[in-house]
Amino acid sequence: MTRERPDQFPVPGEPAGPSAAGLSQTAAAASPADLAHRLRAQARQLGFARVGIAGVASPPRHAAFVSWLKAGLAGPMTAWLARHEPLRADPQMLLSGVRSIVMLATDYDTSPRTPSRHRAVAADGHDVTAAPPGHGRVARYAVGDDYHDLLRSRLNMLANWLSDTVPGSTSRGVVDSAPLAERDFGWLAGLGWIGKNTMLISPQAGSFFFLSALLTTVELPADTPLEVDHCGTCTACLEACPTDAFPEPRVLDATRCIATLTIEDRGPVPADLREGMGEWVFGCDICQDVCPWNRHAPLVDEPAFQPRHGDATLPLADLLGLDTASFRQRFHGSPLLRAKRHGLARSAAIALGNAPDPAAAAALATALADPEPVVRGAAAWALGCWITKDVRAAWAREQLALRLEVEDDAAVLAELRDAAGSQRVEPSPGKHGC
Ligand code: B12
């Protein structure tokens, strides 16, 4: 999940803003411990669920980050993450004179609770959070408004409180887009441990929370990191990932992660990953849904996080029928803008291939003539799936044949030919079979 605005960042090697170096600032009256106590109370009053304080250091696993980048596991985010790697290595580059990094956790889950309180999989193994027919799934963090706006305003208020309380101090709020290793510092600040799914997991609240940070020149006592690995022998997340995105525990191959495929990468999805995407059209929660530590994750009533239009899933036919203007209007202020119209439409077509809905046939036929080749290619693939699943197969073949006569994009032509060559396949349990 990213929101890139490079102009915010100082160029590596140049000091950031007015230098506050050498000033260890604490309010004359308050001891650092008292100040930290008051800061926590202020942060909670602003709506942050949990607060932890980390000292300033290079992120504990920076070397792991650099090797992850070099291994090509960052996929489409490589250039952006690599460009800011020097800043990530040294928080002083984000705020010169920084003395403490206040890490803030904000719970965001608003999803319906299953009777078994176990989120994703019911006793008979079926996926209780599956989308209704003809609908796509949206990750919990994205069903409401874009969290960056809410968290940034809260961070600004906290920064103002701190500079009022400690005159002369400077602070800087960071959420997601600045090159801060938020999970490393979340761990350092005692907010949780790093799970095998690479999520920062809180023993009290699970992992459905956002991280944000307030870097400050105020010296505050640091919290103690959790040394216990509460994952133990559990590997539910590693096994549940339908695209095998975990080459090993605590390492995510982002090129295979459904969140990357639906949010960050708006090109054609590699053929071997399409079936695994299931009905996800934006983000993915599977490795969190199956995590036993999320059984007791708190539900929040924050209005900004409530599902827009009251629906945590999206009608796929609607997504295929949007043009750029209606897309922007429909998802104004929503994280889904990041996928762009063609990215979301492409994912909707793939979801209709994995879970055909005859009621969406007209929309899929329209997508075969979408202005964007990536959407046309995905629609062709989906129609091939309808043939293999014997859903309106004759009609699907007809649509493909009609499009083959007029299509001029080489990649789409290849998708059309592949799909037109599809044959009926006997369904096997748990397999979408395309
Ligand atoms: C790039 C990015 C992505 C990428 C890559 C994710 C990844 N796992 O690397 C993609 C697009 C796939 C992605 C997906 C998601 N993301 Co994202 N993402 C980021 C971003 C911008 C950078 C993360 C990064 O640098 N990744 C590279 C890897 C190598 O680093 P890392 O994940 O930080 O892992 C470090 C630690 O795990 C550490 N580590 C490993 N083992 C151990 C052990 C110990 C003891 C310690 C100390 C450290 C440690 O080493 C790694 C290197 O530093 C952060 C925001 C930020 N600035 O940090 C949000 C962030 C991590 N994402 C977040 C979320 C919510 C998601 C999704 C759940 C969204 C969704 N539902 O689709 C998925 C989850 C997928 C997953 N299992 O991670 C939250 C996570 C909150 C939390 N509780 O952990 C963050 C913090 C954003 C935020 N502001 O809240 N994301």
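Looking at this model, I keep getting lost on the overall build of the protein chain. Mind explaining?
Counting its regular elements, the protein chain contains 17 helices and nine strands. By residue count, 53% of the 434 residues in the protein chain fall in the buried class. Contacts in the protein chain between residues at least 24 apart in sequence constitute 76% of all its contacts with a sequence separation of at least 6. Of the accessible surface of the protein chain, which amounts to about 18300 Å², a share of 56% is contributed by carbon and sulfur atoms.

Please explain the packing of helix H13 (residues 340-354) against helix H15 (residues 373-388) as it appears in this structure.
For any two helices packed against each other, the geometry is given by the interaxial angle and the distance between the axes. One way to put it is that H13 packs onto H15 with a least axis distance of 7 Å and a crossing angle of 5°. It follows from the interaxial angle that H13 and H15 lie roughly parallel. Contact with H13, carried on its side by Arg341, His342, Ala345, Arg346, Ala349, Ile350, Leu352, Gly353 and Asn354, involves Val374, Val375, Ala378, Ala379, Trp381, Ala382, Cys385 and Trp386 of H15 and no other residues of that element. Among the residues making up the contact of H13 with H15, the classes are represented as 12 nonpolar, three polar and two charged.

Please clarify how the nonpolar core should be interpreted in this entry.
In this structure, Leu104, Tyr141, Phe282, Leu319, Leu320, Leu344 and Leu364 are the most contacted members of the largest nonpolar core, which totals 88 residues. Counting contributing residues per domain, this core is built from domain 1 (6-13 + 23-114 + 142-216) and domain 2 (308-434), each supplying no fewer than three. Counting 22 residues, the second-largest nonpolar core is a separate cluster that includes Leu95, Ile101, Leu180 and Phe209.

What's the story with the site of the ligand in this structure? I'm lost.
The immediate surroundings of the ligand are formed by 36 residues, with Arg88, Glu182, Arg183, Leu200 and Leu211 found nearest. At 2.6 Å, a side-chain N or O of Arg88 approaches an oxygen atom of the ligand. Separating an oxygen atom of the ligand from a side-chain N or O atom of Asp184 is a distance of 2.9 Å. Contributions of two or more residues to the shell around the ligand are made by helix H2 (62-70), helix H6 (182-188), strand E7 (209-216), helix H8 (258-264) and helix H10 (286-289). Considering only residue class, the shell around the ligand consists of 20 nonpolar, seven polar and nine charged.

Explain the packing of helix H1 (residues 32-45) against helix H5 (residues 147-165) to me, please; I cannot follow it from the model alone.
Where H1 contacts H5, the axes come no closer than 10 Å and their chain directions differ by 150°. Considering the angle they form, H1 stands roughly antiparallel to H5. For the pair H1 and H5, the crossing hand works out as right-handed. Taken together, the residues of H5 that come into contact with H1 (itself represented by Leu35, Arg38, Leu39, Gln42 and Ala43) are Leu158, Trp161, Leu162 and Thr165. Across the contact of H1 with H5, the residue classes tally to six nonpolar, two polar and one charged.

Would you take a moment to explain the packing of aromatic side chains for this structure?
What characterises a pair of aromatic rings is the spacing of the ring centres plus the angle enclosed by the ring planes. Tallied over the full model, the rule gives 11 aromatic pairs. Look at Phe65 and Trp68: their rings are 6.1 Å apart centre to centre, the planes differ by 25°, and that puts the pair in the stacked class. Of this pair, Phe65 and Trp68 both sit in helix H2, three residues apart, which is roughly one turn of the helix. Ring geometry for Tyr141 against Tyr147: centres 5.9 Å apart, planes inclined by 75°, an arrangement best described as edge-to-face. Of the two residues examined, Tyr141 and Tyr147, each falls in the buried class. Connected via pairs of aromatic rings, a cluster forms that spans Tyr108, Tyr141, Tyr147, Phe208, Phe210, Phe282 and Phe305. Above the face of the Phe209 ring, Arg50 is positioned so that its terminal group lies 5.1 Å from the ring centre. Here Arg154 stacks its cationic end above the ring of Phe48, 5.9 Å away from the centre of that ring.

Would you mind going over H1 with me for this structure?
Working note: α-helix, 3.6 residues per turn, so residues spaced by three or four point in the same direction. Here H1 is 14 residues long and its end C-alpha atoms lie 20 Å apart, about the 20 Å a rise of 1.5 Å per residue gives. For H1, every residue scored as buried is listed here: Leu35, Ala36, Leu39, Arg40, Gln42 and Ala43. Axial view of H1: buried residues confined to an arc of 165°, hence all on one face. Residues of H1 that are exposed and point over 90 degrees away from its buried face: His37 and Gln45.

It is not clear to me how the environment of Pro303 should be interpreted in this structure. Could you clarify?
Looking at where Pro303 falls in the secondary structure, it is placed in the loop between H10 and strand E9 (313-315). Note on Pro303: relative accessible area 63%, which makes it exposed.

When you look at the side chain of Asp370 in this model, what are you seeing that I'm missing?
Structurally, the position occupied by Asp370 is in the loop between helix H14 (361-367) and H15. A polar side-chain atom of Asp370 sits 2.8 Å from a polar atom in the side chain of Arg341. At 2.7 Å, the side chain of Asp370 and the backbone nitrogen of Glu372 are in polar contact. Leave out the neighbours within four places in its chain, and Asp370 touches Arg341, Val375 and Arg376.

Parameters at a glance
- Residues numbered from 1 in each chain as written.
- Predicted model: local features only at pLDDT ≥ 70, side-chain atom pairs only at ≥ 80, totals over all residues.
- Heavy atoms only, no water.
- Helix = DSSP H or I, 4+ residues; strand = E, 2+ residues; numbered from the N terminus.
- Buried < 20%, exposed > 50% of the residue type's maximum accessible area, 1.4 Å probe, protein only.
- Contact = heavy atoms within 4.5 Å.
- Areas by Shrake-Rupley, 256 points an atom, 1.4 Å probe, with all protein chains shown as cover.
- Axes fitted to C-alpha atoms, helices over the stretch in contact; angles between N-to-C directions.
- Parallel < 35°, antiparallel > 145°, perpendicular 65-115°, else oblique.
- Nonpolar A, V, L, I, M, F, W, Y, C, P; charged D, E, K, R; others polar.
- Core = buried A, V, L, I, M, F, W, Y, C linked by side-chain atoms within 4.5 Å.
- Domains from an automatic or database assignment.
- Near = heavy atom within 4 Å.
- Polar contact = N/O pair within 3.5 Å; in protein donor to acceptor, adjacent residues only side chain to side chain.
- Left-handed = near helix turned anticlockwise from the far one by under 90°.
- Phe/Tyr/Trp six-rings, centres within 6.5 Å; stacked < 30°, edge-to-face > 60°.
- Lys NZ or Arg CZ within 6 Å of the ring centre and 35° of its normal.
- Expected span 1.5 Å × (residues − 1).
- Arc of directions from axis to C-beta.

Interpretation note: all reported values are geometric properties and have no functional meaning in isolation.
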